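Here is how the chains run, residue by residue.
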Amino acid sequence: MSSVVLKNLIKSYDGKKNIIDNINLEIKDKEFIVLVGSSGCGKSTILRLISGLEDITEGEILIDNKVVNNIHPKDRDIAFVFQSYALYPHMSVYDNIAFGLKMRKYDKKIIDEKVKDVAKALNLEELLNRKPRQLSGGQRQRVALGRAIVRNPKVFLMDEPLSNLDANLRVQMRSEIKKLHQKLQTTFIYVTHDQTEALTMGNRIVVLDKGKIQQADTPNEIYNNPKNKFVAGFIGQMNFIDVNIVDGRFSIEGTEFSTQKNVNGNVTIGIRAEKMISGDCTLSVPVDIFEMTGGEKIVYFYLNGSKCCAKVPMDYEFAQSITLKISPNDMYFFNNDSGEVI
């Protein structure tokens, strides 16, 4: 078993502000879980607390049902893959991968077998004698992964490992890491600020903000049923529009809409960018600007004073104005005070 449990976890550097604020999370054996959020939300700090690189202020961390708060990092049987690769520049690829095994006094023959097996799995066989400076970014990242894999740890911690790679290489490495997880059948805890990585890689996503968990669920559930305005806005492109609902009716740019929800007063409604031309209520608004993204266009405009956008096909025609087709069935309603979904 390689489960990880965080119980009432708190981290504070000054005793006043909690960087991690009473987090409770159970990560199941063999799960690929992604921690996602903006810079400063605490996601990387959580990894460092799990690994033992930083001390906990309050709470407990359990690995395989064993409290590890006071266990030294090297004894937690965890592998950490860093954003910066953290390779030894004076060592060859072979020696970088073998380093952890040598520190644990493995037999030379066993080390050689393990390193070559990992090199074959990661397509590094031809690079074993090279130094890190002779490698591309993608190759260095594979070496960093190899160094982690070769030890066969209970848990893999990955802190934005793809952020230094170009866009095409990130897509390729996402696929390789997912295949790696399927092959190794162990627990992966992956940190990113990239919502695409989160949605495509994780069995479960944990959305963090200001040291608190906003929502933890499957990618599908988080995208389609966000619990609050923060989650809705962080995962995917969501438009937020202020409206006043009276007896179930409200207007957007003069066009009347109605809802069956028991909602009245000033609220914020949310509509996904891809749902702006698929409904049954039509309204036309001036176009501000638009962007070409290859397979689609993103068109920007204003609704009730809020800047919004629509994702439309490349052949979708518009000039100075765009015709939107919106359905109340595609709308989310958020409480203005709490931000919670209504």
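This one's a predicted model, so the numbers in the text were calculated from it and none came from an experiment.

(A) Just the state of the cysteines, in detail. Inspection of every chain in the model, using the stated rule, returns zero disulfides. Here Cys308 stays free of any disulfide, with the sulfur of Cys309 as its closest cysteine sulfur at 7.5 Å.

(B) Structural detail: the packing of helix H4 (residues 137-149) against helix H5 (residues 167-184). Look at H4 against H5: their axes get within 11 Å of each other, and the N-to-C directions meet at 15°. In terms of their interaxial angle, H4 and H5 are classed as roughly parallel. Handedness of the crossing formed by H4 with H5: right-handed. Across from Gly137, Gly138, Gln141, Arg142, Leu145 and Ile149 in H4, the residues of H5 making contact are Leu169, Met173, Glu176, Ile177, Leu180 and Leu184. A breakdown of the residues in the contact of H4 with H5 according to their chemical character gives seven nonpolar, three polar and two charged.

(C) How the structure looks around the packing of aromatic side chains. The tally for this structure, following the rule as stated, stands at eleven aromatic pairs. Summarising the aromatic geometry, the rings of Phe156 and Phe188 are spaced 4.8 Å apart at their centres and angled 40° between planes, so their arrangement reads as tilted. Of the two residues, Phe156 is situated in strand E7 (residues 155-159) and Phe188 in strand E8 (residues 187-192); the sequence distance between them amounts to 32 residues. Of the two residues, Phe156 and Phe188, neither departs from the other in class, the shared state being buried. Between Phe230 and Phe234, the aromatic rings sit 5.7 Å apart at their centres with planes inclined by 15°, giving stacked as the arrangement. In this pair, Phe230 and Phe234 are both assigned in helix H8 (residues 229-234), four residues apart and thus about one turn of the helix distant.

(D) Spatial organisation of the environment of Leu208. Along the chain, Leu208 falls in strand E9 (residues 204-209). For Leu208, a relative accessible area of 0% gives the class buried. Along the backbone, Leu208 and Lys43 are 165 residues apart, and their C-alpha atoms lie at a distance of 7.0 Å. Among residues more than four places away in sequence, those in contact with Leu208 are Ile23, Leu35, Val36, Gly37, Cys41, Lys43, Ile46, Ile213, Gln214 and Phe230.

(E) Structural view of the sheet that holds strand E11 (residues 238-245). An order of E11-E14-E20 is seen for the three strands of this open sheet, with the pairing classed as antiparallel. Looking at strand neighbours, the two that pair on one side only are E11 and strand E20 (331-335), the edges of this open sheet. Sheet twist, expressed as the mean angle between neighbouring strand axes with direction ignored, is 35°. Two strands pair when backbone bridges link them, and strand E14 (residues 265-272) and E20 are joined in this way by five bridges, in the antiparallel orientation. Bridge pairing links Ile269 to Phe333 in E20.

Calculation rules
Residue numbers restart at each chain and count upward from 1, following the sequence in its written direction. Reporting of local features is limited, given that this is a predicted model, to residues whose pLDDT is at least 70; pairs of side-chain atoms are given and counted only at 80 or more, and all residues count toward the totals for whole chains, interfaces and linings. To obtain the side-chain values, all non-hydrogen atoms of the structure were used and water was disregarded. Disulfide: a pair of cysteine sulfur atoms within 2.5 Å of each other. In this analysis, axes come from line fits to C-alpha atoms, helices being fitted only over the stretch in contact, and the angle between any two N-to-C directions falls in the range 0 to 180 degrees. Secondary structure elements are taken from DSSP: a helix is a run of H or I of four residues or more, a strand is a run of E of two residues or more, and numbering for both begins at the N terminus. To sort the angles, those under 35 degrees are grouped as roughly parallel, those over 145 as roughly antiparallel, those from 65 to 115 as roughly perpendicular, and the leftovers as oblique. Crossing handedness is read from the near helix: turned anticlockwise from the far helix by less than a right angle, it gives a left-handed crossing, and turned clockwise, a right-handed one. Here, two residues are considered to be in contact whenever any of their heavy atoms come within 4.5 Å of each other. All residues other than Ala, Val, Leu, Ile, Met, Phe, Trp, Tyr, Cys, Pro, Asp, Glu, Lys and Arg, Gly among them, are scored as polar; the first ten of these are nonpolar and the last four charged. Only the six-membered ring of Trp is used, alongside the rings of Phe and Tyr, when aromatic pairs are assigned; centres must lie within 6.5 Å, and planes under 30 degrees apart are stacked while those over 60 apart are edge-to-face, with the rest tilted. For every residue, the accessible area obtained with a 1.4 Å probe (protein chains only) is divided by the maximum for its type, and the residue is called buried under 20%, exposed over 50%, and partly exposed between those limits. The pairing criterion for strands is at least two bridges between them, as found by DSSP.

Worth remembering: the numbers are spatial, not functional.
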